[in-house]
Amino acid sequence: STGGAVATPEDHDVEYLTPVSIGTPEQILNLDIDTGSSDLWVFSSETSRSEVKGQTLYDPSNSSTAQKLEGYTWSISYGDGSSSAGEVYLDTVSIGALTVSSQAVEVAQKVSSEFTSDSNNDGLLGLGFGSLNTVQPNAQKTFFDNAMPALDSPVFTADLKAGIPGRYNFGYIDPNAYTGNITYVSVDDSQGFWDWTSPGYAIGSGSFENTTIKGIADTGTSLLLLPSSVVSAYYGKISGAKYDSTQAGYVLPCSPTPPDFAFGVGDDGAAIVLPGKYINYAPTGSSGTTCFGGIQGDSGIGFAIFGDVALKAAFVVFDGGSKTLGWASK
Ligand SMILES: CC(C)C[C@H](NC(=O)C[C@H](O)[C@H](CC1CCCCC1)NC(=O)CC[C@H](O)[C@H](Cc1ccccc1)NC(=O)OC(C)(C)C)C(=O)O
């Protein structure tokens with residue numbers, strides 16, 4: 001089997017939302033597919049009313065296929081400090097033509113203010129490794145883990161785009177979605193992430209800098225978070241760029257367009273090139289002359305994060321069979 005659905009960007013590509021159908025008859029929610037976590041949780045009829053502002057709610061009592069996992073709970077907190085918690089049902093979940101009949105659907109009873117204010121986001125669908133799932137007393141499998149045995153090929157692909165809808169596909173690699181070759185690299189799943197190592201980077205037309213950058217491919221993180229040495233080398237090339245402590249990040253003049261940024265993939269010279277305009281993440285004020293940088297530091301995290309700013313320049317294969325990542329330009 002195969003499946004897939006569109007991934008529609010919210011403002012500034014801060015996140016991408018994908019329609020997912022849950023239950024019988026189907027209830028369609030727009031979820032943030034997140035390779036940086038492994039819980040499928042949704043706003044629901046059980047979410048406290050004061051914490052719901054516009055989200056679509058999954059109501060298990062309206063689904064003939066919902067089964068409550070009595071005594072099961074979940075509680076999660078993310079890198080940005082947001083959190084949610086609740087109870088667990090099993091129900092039918094589909095992404096396009098791909099259906100998992102008995103998927104753990106974690107219903108939120110409470111969500112933090114960041115989720116309440118993100119009115120188009122009805123929940124998350126985690127595609128990290130199973131070790132990250134927070135359900136107690138027994139961890140639950142991700143949608144991909146449940147679907148994998150039936151997939152034509154044990155893969156899903158991320159084809160996120162700048163400012164326009166892209167796609168997540170399951171079970172196949174669309175040859176029309178990328179250019180050139182796909183370069184596969186090994187993944188270290190010991191921390192539950194799609195964790196890989198880039199051999200280095202290049203700035204604009206400059207020479208390639210060999211320096212290992214170990215980091216995760218994370219569709220749920222908006223920016224590209226890199227070691228401070230790389231970040232200061234990049235912004236050091238841009239007059240007027242500086243670290244702005246009030247914004248808690250590097251800012252730069254929105255024009256002229258900043259230099260491209262390339263990160264290496266594999267050991268035979270392949271690279272993904274981010275057009276400089278991706279580094280103008282968003283204007284910081286009303287004037288529109290200063291932009292918040294799409295590349296920021298990873299200090300305090302312990303690894304780099306190849307988030308949406310990086311992923312939207314690539315076609316990425318998440319291979320659950322060989323536990324590798326495939327990177328291609330597009
Ligand atoms: C629970 C663990 C097992 C796994 C857990 N994983 C993560 O925290 C990484 C994961 O990818 C999480 C998943 C996100 C949680 C918050 C909602 C959106 C998804 N990523 C994160 O926690 C990283 C947070 C994102 O980068 C936010 C997301 C966002 C979206 C919309 C509006 C505002 C903010 N962007 C964001 O802050 O963008 C700015 C900087 C431009 C404002 C961890 O490592 O702790």
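Draft legend 1. How the structure looks around the nonpolar core. Phe261 and Trp327 are the most contacted members of the largest nonpolar core, which totals 79 residues. Residues Trp74, Ala108, Val111 and Leu124 belong to the second largest nonpolar core, which totals 16 residues.

Draft legend 2. View of the environment of Asp13. As for its placement among the helices and strands, Asp13 is situated in the loop between β1 (3-9) and β2 (16-22). Here the alpha-carbon distance between Asp13 and Phe193, two residues 180 residues apart in the chain, equals 22 Å. When residues no more than four places from it in sequence are discounted, the contact partners of Asp13 are Lys161, Ala162, Gly163, Tyr281, Asp308 and Lys312. A distance of 3.1 Å separates a polar side-chain atom of Asp13 from the backbone nitrogen of Gly163. Of note is the side chain of Asp13, whose polar atom sits 2.7 Å from the side chain of Lys312.

Draft legend 3. View of the environment of Leu29. By secondary structure assignment, the location of Leu29 is in strand β3 (residues 27-34). Residues Leu29 and His12 lie 17 residues apart in sequence; the distance between their C-alpha atoms is 21 Å. When sequence neighbours within four positions are dropped, the list of residues in contact with Leu29 reads Thr18, Pro19, Val20, Val42, Phe43, Thr56, Tyr58 and Asp122.

Draft legend 4. Quick look at the site of the ligand. By nearness alone, 22 residues border the ligand, and Asp34, Gly36, Gly79, Asp218 and Ser222 come closest of all. Contact between the ligand and Gly79: an oxygen atom at 2.7 Å from a main-chain N or O atom of the residue. One nitrogen or oxygen atom from the main chain of Gly220 is found 3.1 Å from a nitrogen atom belonging to the ligand. Considering the ligand on its own, with 900 Å² of exposed area, one finds that the protein chains cover 73% of that surface. Of the pockets mapped on this structure, the ligand occupies the largest pocket. Secondary-structure elements contributing two or more residues to the shell around the ligand are β3 and β5 (67-77). The residue makeup of the shell around the ligand, split by class, is nine nonpolar, seven polar and six charged.

Reading guide: rules and limits
Residues numbered from 1 in each chain as written. Predicted model: local features only at pLDDT ≥ 70, side-chain atom pairs only at ≥ 80, totals over all residues. Heavy atoms only, no water. Core = buried A, V, L, I, M, F, W, Y, C linked by side-chain atoms within 4.5 Å. Buried < 20%, exposed > 50% of the residue type's maximum accessible area, 1.4 Å probe, protein only. Helix = DSSP H or I, 4+ residues; strand = E, 2+ residues; numbered from the N terminus. Contact = heavy atoms within 4.5 Å. Polar contact = N/O pair within 3.5 Å; in protein donor to acceptor, adjacent residues only side chain to side chain. Near = heavy atom within 4 Å. Areas by Shrake-Rupley, 256 points an atom, 1.4 Å probe, with all protein chains shown as cover. 1 Å grid on protein atoms, 1.4 Å probe; cavity = no way out; pocket = protein on both sides within 12 Å on 5 of 7 lines; lining within 4 Å. Sits in = over half its atoms within 2 Å of the grid points. Nonpolar A, V, L, I, M, F, W, Y, C, P; charged D, E, K, R; others polar.

The analysis is restricted to geometry; functional conclusions fall outside its scope.
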